[in-house]
Structures are given as structure tokens and as C-alpha cells.
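# Architecture at a glance
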Amino acid sequence: MDFTAHSTSEIVPGQRSAHWVRVISETYFPLHLTFRDPAAFSGQLERRQMGDVSLSRLATEALQYERRPTHISHTREEEYLVTVPRLSPVEFRQLGREVRCDPGGFILERGDEPYRFAYGAPNELSVLKISKKALAEKIRDPDRLCARIIDARTGLASLFANMMGQLHSLPLTEGRAASVLGRQMVEVLAITLDETAGEDEQVKTAVRAGHLRRAEQVIRKNLSNPALSPELVADACGISKRYLHELFGDTNQTVSQFVREERLIAARDTIVSCPSLAMAEIAYRFGFSDQAQFSRLFRAMFGKTPTDWRREPRP
């Protein structure tokens, strides 16, 4: 079992915050940290690698962690963190949900989406890091359970949280034994989440529908913006580009297809409402620099060329 330990006790006060940023990045993934008092900050962290998962325990002063879009742009492997607060509540925001998790519960965090995680008092956390692939092999679509509180006061959830706590104090275990313990934790976690999953289906559907509506509104407000792109829409909605594409995938349509169709609809309405406006200007206004392409796409969608549409008598 690989084991690493870090502490700020021997770090010069002026260097503690930068040191802790590196520790967190190496243990989990890059995050932006906000310290209440950087020079007076103190923290300890222990990490155990157990096969395909890592288990860590950290104790720190009040702290805020942010996973920003810039941290995610080059992410190749999708990972989750499962966090159990031990001493004080934590606040977590991701995918439009904001929750407060007290000791006695735990939360699942999606590493490839922006989030904010904070606690305003000294805290001790148990954190399990697991790849999305490993968890998705055990439970369908783990994303639906992100940013919700799992009650760990009773049942299997309690067993899982207690396992995390007890493993911190066990003597270091090597090789096959460590891997077996890691797999057992994943099994218990998956069963726990699966029991909770059915309760969250309606919430998940409503959240995704809300994000999709916001994305569509952003697109419609920016139809004449030449910089309109999936990146612009995702940033405006506070979600990642990957999640944006997932939302439109639910409608069997790509973001680009939706943008193109909305621009054609806006162009069609402008042709009628502004009869003196040149066709080339209308095409350019809605992102079609090639008038031949505009005419071809317009005809494919409406069955007529832009010129024929303008000539058609109106009631």
C-alpha cells in the first residue's frame, strides 16, 4: 500500500498556502484554494493507495476549494471524490445544486465539472478518490447522485462511512490485501448509492431540464453574436462544455445543430419583418458568411429559398 503524509507544521508560515495548494493538487486534482489566514493556516493529510482507489484523511483550518473550468479543460480521466465530514458541516455546489452536509452524511463530487466546496470551521474529512470508470462498472450513471447528501447515520451508508474511518487507523496493508480492501469499499459504496438512486431520478431530470432551458435561452439571446460557441454557452450557464453536449444529447441533437436551426428561424422571421434588408446582410447577421450555404440550409429546413420565402404573399 502506497502511503504519503503531509503537514504544514514544518513549513514557513509565508509558504504554507502555496505548499498546501501543491499537496491538494497532487492528492486529488488541481483546485483553487481560498484561505481565511494563509500565514496561520495549518493542515495535515495522509493518503493510502488501495488498488484502484485512494483513501485520504485531512484535517485543516477553514478552507474553500474551487474546481474551475480552467482546471478541467485538459482533464483526460474522469474521477469522483466521496467526502465524509467528521467535525463540522461542509457546503457544496455543483451542477446548479447547493447542499450543506453535516457530519453523519457524505457527498459525491464529480471531478470533471466545476464546483465549490467549503467549510467555515476547522474540519476533518475522509475522502475516497475513484475513477468514473470503476464506479460506473458497479452502478449505472453515478452522475445522478452528485451534489446530494447521502445519510450515513444508518444502514449500508453508515457501514461505508465507518469503513473509511476505520481504515485510517489500520496498520498499513500491502499488495493484494490493500487492493481487496479497496474493492470492498467500492462494492459497499455502489450498493449504497444504488439504494439511493431511485429516489433521485425526478430530481436529476428536473435539474438537467433546467440547465437545458438556460442553455437554449443563452443561445437565442446570442444568435447574432459571431462568438457564439459551445464554450460561450457553457461558461454563461456555469457548466462544462462536456456536460452541455450531454444535455443536448438527451434531445438527440447537437449544440451546433440547435444553433444553426435557431439562426435559420431568426433569419426567416427577419426576412419577413425587414423586407428592405438585403439577403446577404441577413445571412451575415446570423452567422452565415457564405450566402450560398445559407440559401441551401434555408431550403433544406423550410422547403423554399430565402428569396422565395420573401416573395411569398402574406395574409
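In what follows, the accompanying structure is described.

Turning our attention to the overall build of the protein chain. Broken down by element type, the protein chain carries 11 helices and 12 strands. The C-alpha atoms of the protein chain give a radius of gyration of 25 Å, which is well past the 20 Å a tight globule of 315 residues would have. If one aligns the C-alpha atoms of the protein chain with their principal axes, the spans along those axes are about 85 × 45 × 30 Å. Split into buried and exposed, the 315 residues of the protein chain put 47% on the buried side. The long-range fraction of contacts in the protein chain, counting pairs at least 24 apart against all pairs at least 6 apart in sequence, stands at 70%. With the model as given, the accessible surface of the protein chain reaches about 15,700 Å², and the carbon-plus-sulfur share is 50%. Seen as two clouds, the 43 positive and the 41 negative side-chain charges of the protein chain have centres 5 Å apart.

Let us look at the packing of helix α8 (residues 255-273) against helix α10 (residues 291-302). Interhelical geometry of α8 versus α10 gives an angle of 95° and a closest axis separation of 10 Å. Judged by the angle between their axes, α8 and α10 are roughly perpendicular. Residues R260, E261, L264, I265, A267, R268 and I271 of α8 touch α10, and the partners they reach there are F294, L297, F298, M301 and F302. In terms of residue class, the contact of α8 with α10 is built from 9 nonpolar, no polar and 3 charged.

Turning next to unusual backbone geometry. One non-glycine residue, A147, lies in the positive phi region at around 60°. With respect to the helices and strands, A147 occurs in the loop between α3 (132-136) and β12 (150-151). Residue A147 is classed as buried on the basis of its relative accessible area of 2%. The phi angle at N252 is positive, at roughly 60°, despite the residue not being glycine. Examined against the element boundaries, N252 turns out to sit in the loop between α7 (241-249) and α8.

Reading the values: the criteria
Residues numbered from 1 in each chain as written. Predicted model: local features only at pLDDT ≥ 70, side-chain atom pairs only at ≥ 80, totals over all residues. Heavy atoms only, no water. Helix = DSSP H or I, 4+ residues; strand = E, 2+ residues; numbered from the N terminus. Rg over C-alpha atoms; globule rule 2.2 N^0.38 Å. Buried < 20%, exposed > 50% of the residue type's maximum accessible area, 1.4 Å probe, protein only. Contact = heavy atoms within 4.5 Å. Areas by Shrake-Rupley, 256 points an atom, 1.4 Å probe, with all protein chains shown as cover. Lys, Arg positive; Asp, Glu negative; His and termini not counted. Charge placed at Lys NZ, Arg CZ, Asp CG, Glu CD. Axes fitted to C-alpha atoms, helices over the stretch in contact; angles between N-to-C directions. Parallel < 35°, antiparallel > 145°, perpendicular 65-115°, else oblique. Nonpolar A, V, L, I, M, F, W, Y, C, P; charged D, E, K, R; others polar.

None of the figures reported here should be taken as evidence of function without further support.
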